[in-house]
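The lines below spell out each chain.
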Amino acid sequence: QVQLVESGGGLVQAGGSLRLSCAASGSGVTMDTMGWYRQVPGKQREMVASITSGGTTNYADSVKGRFAVSGDNAKNTVYLQMNNLKPEDTAVYYCKAEFRVVTWKYASWGQGTQVTVSS
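Residues numbered from 1 in each chain as written. Predicted model: local features only at pLDDT ≥ 70, side-chain atom pairs only at ≥ 80, totals over all residues. Heavy atoms only, no water.

1. Some thoughts on the side chain of S108
Note on placement: S108 falls in strand β10 (residues 104-109). Judged by its relative accessible area of 7%, S108 falls in the buried class. Within polar-contact distance, the side chain of S108 engages the backbone oxygen of V2 at 3.1 Å. For S108, the residues in contact, after removing those within four places along its chain, are Q1, V2, L4, C95, K96, A97 and F99. (Helix = DSSP H or I, 4+ residues; strand = E, 2+ residues; numbered from the N terminus. Buried < 20%, exposed > 50% of the residue type's maximum accessible area, 1.4 Å probe, protein only. Polar contact = N/O pair within 3.5 Å; in protein donor to acceptor, adjacent residues only side chain to side chain. Contact = heavy atoms within 4.5 Å.)

Quick look at the structure:
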């Protein structure tokens, strides 16, 4: 199993920046993709950004040019740098890890961290 610990959420004014971190712990696993999702009450969880172990990134259209995802394979850690934040970015942000144990594929989620952007 993989456990994820997130940090870095908080309250920021519109136009400000925040950096989220997510550290994965676990042995005997091969990490494939780590990413960030967000969810607001009453809406489905949506993908924000992801990065593969090979460094390929993917972003939601709504955050392109403002957010940047990066990873440290040695530390099994993924970061989300969020710039020019907007009130509509307010949500609970969840880290997700997709990994393999031998040939079996699994996914784990973090506990979530609140990001609030005030106007």
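2. Things to note about the sheet that holds strand β7 (residues 67-72)
Within the open sheet, the four strands sit side by side as β1-β3-β8-β7. Their pairing is antiparallel. Among the strands making up the open sheet, the edge pair consists of β1 (3-7) and β7. On average, each strand axis in the sheet is inclined to that of its neighbour by 15°, with strand direction left out of account. The pairing of β1 with strand β3 (residues 18-25) spans five bridges and is antiparallel. Within β3, the position partnered with Q3 by the bridge is S25. (Pairing = 2+ DSSP bridges. Axes fitted to C-alpha atoms, helices over the stretch in contact; angles between N-to-C directions.)

3. A word on the state of the cysteines
The final tally for this structure, using the stated rule, is one disulfide. What pairs with C22 in a disulfide is C95, and their sulfur atoms sit 2.1 Å apart. Disulfide C22-C95: torsion about the S-S bond near -85°, hence left-handed. With C22 in strand β3 and C95 in strand β9 (residues 91-101), the pair connects residues that are 73 residues apart, well separated along the chain. We note that C22, like C95, is buried. (Disulfide = S-S within 2.5 Å.)

4. Some words on a nonpolar patch on the surface
A contiguous nonpolar patch, built from V102, W104 and Y106 and spanning about 370 Å² of accessible area, is present on the exposed surface. Within the secondary structure, Y106 sits in strand β10. What makes Y106 partly exposed here is its relative accessible area of 40%. (Patch = residues over 30% accessible without salt bridge, like charges linked within 9 Å, V, L, I, M, F, W, Y side chains within 5 Å. Areas by Shrake-Rupley, 256 points an atom, 1.4 Å probe, with all protein chains shown as cover. Salt bridge = Lys/Arg side-chain N within 4 Å of Asp/Glu carboxyl O.)

5. Concerning the environment of V117
Turning to its location among the elements, V117 is positioned in strand β11 (residues 113-118). The exposure class assigned to V117 is buried, which follows from its relative accessible area of 6%. Sequence separation of V117 and V78 is 39 residues, and the distance between their C-alpha atoms is 22 Å. Leaving out residues up to four positions away in the same chain, V117 has contacts with V12, Q13, A14, L85, K86, P87, D89 and T90.

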